[in-house]
Amino acid sequence: MRTALLLASLTLLLAGCGTGTTAFAPSVKAPPQQATLGWVEQYPAEKAALVFGVRSFAVTESGWRAVVSVENRSDVGWEVGAPRLSVERAFGVLLFPNDNLGELDTRNRNGTLPALRRATGYVPQLPAVLEPGAKWSGTISAPGPLAGGLWLRVSFGTFTSVGAPPEGAQPQVIWFTDHAYRLRREVTSSGEAG
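Now for a quick tour of the structure.

1. Quick word on the side chain of Ser161
Here is step 1: Counting through the fold element by element, Ser161 comes out in strand β10 (residues 151-161).
Here is step 2: Owing to a relative accessible area of 9%, Ser161 belongs among the buried residues under this scheme.

If you want it as structure tokens, here you go:
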């Protein structure tokens, strides 16, 4: 399990200045699809303060949705990015040309992450603060197509510790999943992936 992502480069991501134009520009729309994922990841790796889950992911006719969760196993509360300040809310998905975790870490350090496809729907609504011992589970979603053939990672955040963060944790956390899911490509009438 990798260590926490550096927040310095996340300023670019949150400002929408990630590399939405770097390295790849696929144009093949992913068809509707659904995957049961069962991902569970913890931060920090040694003694979890936050545990992130992705139960399932779906591409729909009009967009995408993911059933996710975040659990606070620490003894401090974590403020969740305010909905009125969209730059603080980093729930969504990022698309990569491969599932290489080392490349994710390198791109994060270099400030070359792909643009975040922000979630616009939350059911139920996110709490203002995830209290110690609390867990939020729900569906995040957004309209718009995703490119088939790319690898998708889910983003959670921003979480800001209320007071001093737990040992081994940063005071602000945005988590990109270690796991990645490859989006299927549209199949043409000849039966080949387009």
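Past the structure itself, the notes keep going.
2. Concerning the pairing of strand β1 (residues 33-43)
Remark: a regular strand shows side chains that alternate across the two faces of the sheet.
Here is step 1: Burial along β1 is one-sided: Gln33, Ala35, Leu37, Trp39, Glu41 and Tyr43 are buried, and none of Gln34, Thr36, Gly38, Val40 and Gln42, which face the opposite way, are.
Here is step 2: Two elements, β1 and strand β2 (residues 50-59), share nine bridges in a ladder whose sense is antiparallel. Within β2, the residue paired with Thr36 across the bridge is Ser56.
Here is step 3: Taking the residues that link successive antiparallel strands as the turn, the β1-β2 hairpin has six residues.

3. Quick look at the nonpolar core
In globular proteins that are soluble, nonpolar side chains generally tend to be buried together.
Here is step 1: Counting residues in each nonpolar core, the largest one holds 40 residues, and the members touching the most others are Phe57, Ile140 and Phe159.
Here is step 2: Of all the secondary structure elements, the ones that give two or more residues to this core are β1, β2, β3 (63-72), β4 (78-80), β5 (92-96), β9 (135-143), β10 and β11 (172-176).
Here is step 3: The biggest single contributor to this core is β2, with five residues.
Here is step 4: Excluding its chain neighbours within four sequence positions, the residues that come into contact with Phe57 are Gln33, Gln34, Ala35, Leu37, Trp64, Arg65, Ala66, Val93, Leu146, Leu152, Tyr181 and Leu183.
Here is step 5: With eight residues, the next largest nonpolar core counts Phe96, Leu104, Leu116 and Phe176 among its residues.

4. Topic: helix α2 (residues 101-110)
Here is step 1: Here α2 has its buried residues at Leu104, Asp105, Arg107 and Asn108. Angularly, the buried residues of α2 cover 165° about the axis, an arc narrow enough to put them on a single face. Every exposed residue of α2 that faces more than 90 degrees away from the buried side is listed here: Arg109 and Asn110.
Here is step 2: At the N-terminal boundary of α2, the capping side chain belongs to Asn100, with an oxygen 2.8 Å from the backbone nitrogen of Gly102.
Here is step 3: Once α2 ends, the next one or two residues include Gly111, with phi positive near 70°.

5. A look at the pattern of salt bridges
Here is step 1: Applying the stated criterion across every chain, the model contains two salt bridges.
Here is step 2: Ionic pairing is found between Arg73 and Glu71, a salt bridge with its closest N-O pair at 3.5 Å.
Here is step 3: Assessed through its relative accessible area of 47%, Arg73 is described here as partly exposed.
Here is step 4: Taking relative accessible area as the criterion, Glu71 reaches 22% and is therefore assigned partly exposed.
Here is step 5: Arg107 serves as the salt-bridge partner of Glu103, at 3.5 Å between the closest nitrogen and oxygen. Taken together, the residues span about one helical turn, with Glu103 and Arg107 both in helix α2 at a distance of four residues.
Here is step 6: Overall, the relative accessible area of 25% leaves Glu103 in the partly exposed class.

Criteria and cut-off values
Residues numbered from 1 in each chain as written. Predicted model: local features only at pLDDT ≥ 70, side-chain atom pairs only at ≥ 80, totals over all residues. Heavy atoms only, no water. Helix = DSSP H or I, 4+ residues; strand = E, 2+ residues; numbered from the N terminus. Buried < 20%, exposed > 50% of the residue type's maximum accessible area, 1.4 Å probe, protein only. Pairing = 2+ DSSP bridges. Core = buried A, V, L, I, M, F, W, Y, C linked by side-chain atoms within 4.5 Å. Contact = heavy atoms within 4.5 Å. Arc of directions from axis to C-beta. Polar contact = N/O pair within 3.5 Å; in protein donor to acceptor, adjacent residues only side chain to side chain. Salt bridge = Lys/Arg side-chain N within 4 Å of Asp/Glu carboxyl O.

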